[in-house]
Structure formats: C-alpha cells, structure tokens
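So the chains spell out like this:
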Amino acid sequence: MNLELIKEKSKQIFIETIKVHWKSKETRVASSVSPIEIFCVLFYGGLMKYDPKNRFADNRDRLIVSKGHGSICLYPLLADVGYFDKSELAIVGDKESFLGGIPDPVIPGYETVNGSLGHGLGVASGIAKALKLKGKKEKIFVMMGDGELCEGAIWEGLMFAAHHKLTNMIAIIDNNKISMLDFTKKIIGEDSWCEKFQSFGWEVARVDGHNIEQLYSILKSWEVEGDRPRVLIADTIKGRMIPGIENQPLSHVMSISEESYRKILEENKYE
Amino acid sequence: MSNFVAMRDSFLERLHESMKEYKNSVFLCADFGSPVVDRIRRDFPDRCINVGIAEQNLINVGTGLALEGYSVFLYAIAPFITMRCYEQIRVNIAILQEVRKMNITLIGVGAGCSYVVSGPTHQCFEDLSVMRTLPNIEVISPSDHHLSAAVVDYALKDLGGCGARYLRLDAQLQNEIYTKECATSVLQNGLCEIIKGSDLCIVSTGYMTHQALKVAAEFNRDGSKVGVIDFVKFLNFNTSELLSVLKRYRKIITLEEGFKGKGGLDNLIQDFVFEHHLSREHDLASMGIPPRYGFQLGSREDIHTAYGIGRDQIAQKVKMLL
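> Give me the overall build of chain A: which residues, what numbers.
Helices and strands together make up the secondary structure of chain A, namely ten helices and five strands. By principal-axis analysis of the C-alpha atoms, chain A measures approximately 50 × 45 × 35 Å. Put simply, chain A has 271 residues, and 59% of those count as buried. Sequence-distant contacts, at least 24 apart, represent 77% of the contacts inside chain A between residues at least 6 apart. When the accessible surface of chain A is summed, it comes to about 10,600 Å², and 51% of that surface belongs to carbon and sulfur atoms. When the 35 positive and 38 negative side-chain charges of chain A are each reduced to one mean point, those points stand 3 Å apart.

What follows is the structure, given as structure tokens:
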C-alpha cells in the first residue's frame, strides 16, 4: 500500500474541507479536520469495501459516522472517490445542494442519520448482528467522537456488542479531547477510554490519529477477525493546522478567520 | 382460545406461528417477557434477543437489523418503549424512514391505567399523543385480542405501507369485541362503528371502548340510541368512513385513557371535525385524564373515577348531552 498517496490525499482533503467550511460557515470545521487521516486510511487504504456506483451494495463494508457534525471532511472525500460530482462542493448549504451543515443520509456514502449524537454504535450493533445472523463477512466501522462518549446509549450498545461477540465491528474514536464548550477532561474527567472499553469486553488499541503508518498498520492487522469487537482510540488534535482554532477549547463553535483562510490556501501546507 | 384474553398473548401467539414462515422476522425485548415469549425464545433462539433493560439500545439495535432487511418486532413496557427512547425512535425510525425503508413494529404493553396499582411510572397517558406527532409511524390502539393478533400479518406484510408502527396494548385480559374473521378488515379500516346510534356517539380507543359499550348498553336498554365508534389506527384510517359516520351524529364524546387535550384521540377527532366543516353542527365533548399524575390505588375503576373517567362519570356526561 502506498502510504504516501494517503498522505497526499489527506492534504488535499484538508484544503478542500477548509474551502467547504468557507462556503458554508455553519459546518463544524474543527471537529471535521481531526478525523481526516482516519477516513483517508479507510477509504484510500483498501481497508474498507465500498462501491460509489452502488452505495447499498450487499457486499459493502458499512461505515456509520456517528459524529455526524465532525465529518464534513467526508464531503470532498466522498466526491473524490466518486459518490457524487465534485461540483457539489461549491454549493454546500445552497438550495440545490444535498450537502448541509450536518450530513444526512440523503448524501450518498452516509448510511444513517448522524446529527443527533450517541446513536451510531447501537445501530451499528444491530447491523453487525444482522450480518452475523446471515453468515456474512462484511465489516462495520463506526466513527465516534470522545465528546460523544458522554451519551449513555453508547454504553448500552458496547455491552450488547461484547456480549453478542460482534467481532465484525470496529469502532474508532476520534479522540480530539474537546467537546463543544471545553476540554472533555474538564467536563467528564481524565481520559481513561482504554480501561473503560476493555472493562466492557472490547479489544482496544491506541494510536496517533494523524499518523498514517500507525493507523494503517493497526487497521490492516484487524482485517483478521478477533474474538471480541474492537475499538481504536485515535488521538487527534481538534482544529489541527488551522491558525486560531487548533486545540482551542471553544473550537467546535469557532469559524475560520479570513486571514487564516487565506494563509492556509496560500501556504498550501499540511503535514 | 377463550373469549377473555390478553391482547399481548394473542399477538405473541400469532407472531410465534408466523416466525416459522417468515424467516426474516426477529423479536427483541428489553428484559420483558411472557409465557409466549418463552416459547419464542425456545423455538427461535437466534431470532429472539433480550437486549436487557436498555430501551434506547433496543431501538438502535432494532434499526440496524431492519436496515439489513429483517422485519423487526420490539417489545417492552409502553411508557419505556415510547418515551425512554423517544429520541432514538425520532432519529432512527421516523427520520431515517424518509430515506431508507424499514419494517419495525414497536409493541408497548401497559396502555393507560392497565398496570393498575403500579403508579404513574408504569401507567401510560402520553403515548397516543407523543407517538402520533411523529411522521412515518402508525399508532395502532386495538380494543381486543383479535385486533392485536391481526397486527402480526399487517406488520409482516406492511399493509399500512408506512414501514413502522407503534402497537399499544392493554396489559389486562379483555373480552372479545370482534371475531378473528373481521379483525383484519377493521384494522385495515382503522375504525369501526360497533353500535349504530342516532344522535350521540362515543368515540373511544383501546380499553375505553369496553367502557363505552357498557355505558351505551345501559342507555340503549332504556330506548336511547347511543352509538360507539372504536378508533383503532391513528394514521391511515378510513377518512371517508369516519366522515360519513360522524355526519350522522350531532353530539360526539371522545373517550380515552390518555391526557385530555394534549394531542391524543380527542384532538384528532376535533381536528377532523373542524377540517371537514362539521363543527357548526356538532357538539363535541372530550373525556380523558386531567393534567396531573395521580397515586390512587384500588381497582382500575377506582383509578378512573379519581381521574374523572369512571363509568358513572361517562354515563353522566352522556345524560347531560342527550
């Protein structure tokens, strides 16, 4: 696998995400740049089966994007891999567009409703259970945010998935450590996700969520099913590479300044 | 089967029979059972799942199974399968159905005061209105075990065309009102004028239809002609039939074990009467639970009387309007 290509794609997706946000300020930019490398590894790394020409193909792996707001980076990515035309990116939020401030399943590539948090893991567990009942081999990926983990329904789903040995499930936590109003540790305590997931019966791994090699390596090794559902804690930085927004406690509700926007486009830098 | 049967037993019996043929059907409960559930569990261990006391997850897991093509039956106590997980129903059933077709039946046991001495946590006066406000979900409120059993086939074949439905079941044994033969057509129709009256009718739902029938029988024995309309389905009901039936009456009393004036049966009928310009000729009255939570114990009739919908109180209302 050409990991350099995934790095190039990550840069491209970053720049285009910034442009999408500039077009439609209601989109959440800070939480949408933290999972860029995770999505790029899944889509460009050959780790997830998908068919843009047949979005509900029976043999697709299912991707449930539970942290809907923080996935605007998927707009340019889904366009890039062929789910819809790139011209759609120029009209985000407009009357004619299906790409809104929060992604909805009218967008090709999205499976479920994602604007309300804490639903993805339980729905994914039902999908995983269905595929197990049918003896099918497809995988289910669930993308969640660490702030979202405050939602109690997720923990109901975690217990269910472990008890039912849903080994076809891989949850990924975009652990950017900031919720809407503050650092999550100030809201709900120090980060102990690994211990929590382990005690709920999940196999846990933790990586740098911006490091393509680490992300690819662990997800590649997880192509072989284990004996428990798996969760990857991907440590990320909210608002990464956006001047004035990166790692700010209120970054979720911050919009990019004109100065930052120009700087990002002119420098064209992402590493 | 005797004539005195719990709605849930007939429903579950029929489901148990159907699960042999409909291999894509699954039954999930939130740690809530019955002897028939035990048989479903024994005969279909892979397709009978207890998610534990976790109604939010019940809806979420059910959604996932439905997205993969299963016909999903979700079973719990009425207030918990509606309000405990309302956001999950709104997002993953009502909204998602706009884009992805699913087949999901929510079965809530314990309509109205049917958990008689369990108090306001287990009694359910809100489900008709809160579930009725959601698009893409039919609310079905049967009055006997033939109607509830007919919902199994109705759901498996999605005869309502809505994809999702909330079935509101009484927890107690009730006498039959219909026959097995006519139940399917009553369900499809969504309402039934059980007693044809002349001037005044009671429009009731669920258990209260039994009360309405008793009150009407007393008046009609003395020569009055009080009509009774059993209202079964709160979406996709036969509007032309309701219109033609209501046109024959000048006085209408709605009767429900639900909060009065909060969007349940009374408001449905009032809106219907208004929309069809019947209001000028019609005298409308509604009987339901007043806006408070009570802790009255005793019989169901004692509780109804405390809330103002006891049988004598219904009779007084009829007498006043006649």
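Continuing now.
> Any chance you could break down the sheet that holds strand β3 (residues 169–175) of chain A for me, citing the residues and the numbers?
All names here are of chain A. The five strands lie next to each other as β1-β2-β3-β5-β4, forming an open sheet whose pairing is parallel. The open sheet terminates on both sides in strands that have one partner only, identified here as β1 (62–65) and β4 (203–208). Strand-to-strand twist in this sheet, taken as the mean axis angle between neighbours without regard to direction, amounts to 20°. Here β4 runs beside strand β5 (residues 230–235); their pairing, made up of six bridges, is parallel.

> Could you give an account of helix α3 (residues 36–44) of chain A, naming the residues involved and the relevant values?
Residue and element names in this part refer to chain A. With nine of its nine residues buried, α3 lies for the most part within the structure. Taken together, the buried positions of α3 are occupied by Ile36, Glu37, Ile38, Phe39, Cys40, Val41, Leu42, Phe43 and Tyr44. Once α3 ends, the next one or two residues include Gly46, with phi positive near 70°.

> Run through the packing of helix α1 (residues 7–21) of chain B against helix α2 (residues 35–43) of chain B, naming residues and quoting values.
Residue and element names in this part refer to chain B. The contact between α1 and α2 brings their axes to 9 Å, and the two run at 15°. Between α1 and α2, the angle falls in the class roughly parallel. Two packed elements cross with a definite hand, and for α1 against α2 that hand is left-handed. In this structure, α1 contributes Asp9, Leu12, Glu13, Leu15, His16 and Met19 to the contact, and α2 contributes Val36, Val37, Arg39, Ile40 and Asp43.

> Explain the domain arrangement of chain B to me, and be specific about the residues and the numbers.
Residue and element names in this part refer to chain B. As assigned here, chain B comprises domain 1 (4–175) and domain 2 (190–321). Placing the centre of domain 1 and that of domain 2 at their C-alpha centroids yields a distance of 26 Å. Listed per partner, the contact involves 30 residues of domain 1 and 32 residues of domain 2. With both sides pooled, the region where domain 1 packs onto domain 2 buries about 2,400 Å², and carbon together with sulfur makes up 59% of that total. On the domain 1 side of the interface with domain 2, the three residues burying the most area are Pro120, Phe125 and Arg132, jointly 26% of the side's total. Between the two partners, domain 1 and domain 2, sit one salt bridge. Across the salt bridge formed by Arg300 and Asp170, the nearest N and O atoms sit 2.5 Å from each other.

> I'd like to hear about helix α10 (residues 258–267) of chain A, residue by residue, with values.
An α-helix turns once per 3.6 residues; consequently, residues spaced three or four apart project the same way. Residues and elements named next belong to chain A. Every buried residue of α10 is listed here: Ser260, Tyr261 and Ile264. Around the axis of α10, the buried residues are gathered within 105° of arc, so they sit on the same side. Along α10, exposed side chains directed more than 90 degrees from the buried face belong to Glu259 and Glu266. Packed against the buried residues of α10 are α1 (3–23).

> Please give an account of the pairing of strand β2 (residues 25–29) of chain B that cites residues and values.
Residues and elements named next belong to chain B. Taken across its five residues, β2 has five buried, putting it largely inside the fold. Burial along β2 is two-sided: Ser25, Phe27 and Cys29 facing one way and Val26 and Leu28 facing the other are all buried. As defined by bridge partners, β2 adjoins strand β4 (residues 71–77) across five bridges and the pair is classed as parallel. Among the inter-strand pairings, Leu28 is bridged to a residue of β4, identified as Leu74.

> Please provide a residue-by-residue account of the interface of chain B and chain A, values included.
One widely used convention gives an interface's size as the accessible area the parts lose upon coming together. Taken together, the contact pairs 24 residues of chain B with 26 residues of chain A. Together, the buried faces of chain B and chain A total about 2,100 Å²; carbon and sulfur atoms form 63% of this surface. When the buried surface of chain B facing chain A is broken down by residue, Asn57, Glu68 and Arg100 of chain B rank first, second and third, together holding 28% of it. Here chain B and chain A share two salt bridges between them. The shortest N-O distance in the salt bridge between Arg62 of chain A and Glu68 of chain B comes to 2.7 Å. For the interface between chain B and chain A, the tally reads seven residue pairs in polar contact (both at pLDDT 80 or more). With nine residues, helix α3 (residues 55–67) of chain B is the largest single contributor of residues to the side of chain B that touches chain A.

> Explain the side chain of Glu55 of chain B to me, using residue names and the numbers behind them.
Inspection of the secondary structure puts Glu55 of chain B in helix α3. Here Glu55 of chain B is buried and forms no salt bridge, its nearest opposite-charge partner Arg84 of chain B lying at an N-O distance of 4.7 Å. What Glu55 of chain B contacts, discounting residues up to four positions off in sequence, is Glu156 of chain A together with Ala30, Ala76, Phe80, Ile81, Arg84 and Cys85 of chain B.

What counts and what doesn't
Residues numbered from 1 in each chain as written. Chains lettered and ligands numbered in written order. Predicted model: local features only at pLDDT ≥ 70, side-chain atom pairs only at ≥ 80, totals over all residues. Heavy atoms only, no water. Helix = DSSP H or I, 4+ residues; strand = E, 2+ residues; numbered from the N terminus. Buried < 20%, exposed > 50% of the residue type's maximum accessible area, 1.4 Å probe, protein only. Contact = heavy atoms within 4.5 Å. Areas by Shrake-Rupley, 256 points an atom, 1.4 Å probe, with all protein chains shown as cover. Lys, Arg positive; Asp, Glu negative; His and termini not counted. Charge placed at Lys NZ, Arg CZ, Asp CG, Glu CD. Pairing = 2+ DSSP bridges. Axes fitted to C-alpha atoms, helices over the stretch in contact; angles between N-to-C directions. Parallel < 35°, antiparallel > 145°, perpendicular 65-115°, else oblique. Left-handed = near helix turned anticlockwise from the far one by under 90°. Domains from an automatic or database assignment. Buried area = accessible area lost by both parts, 1.4 Å probe. Salt bridge = Lys/Arg side-chain N within 4 Å of Asp/Glu carboxyl O. Arc of directions from axis to C-beta. Polar contact = N/O pair within 3.5 Å; in protein donor to acceptor, adjacent residues only side chain to side chain.

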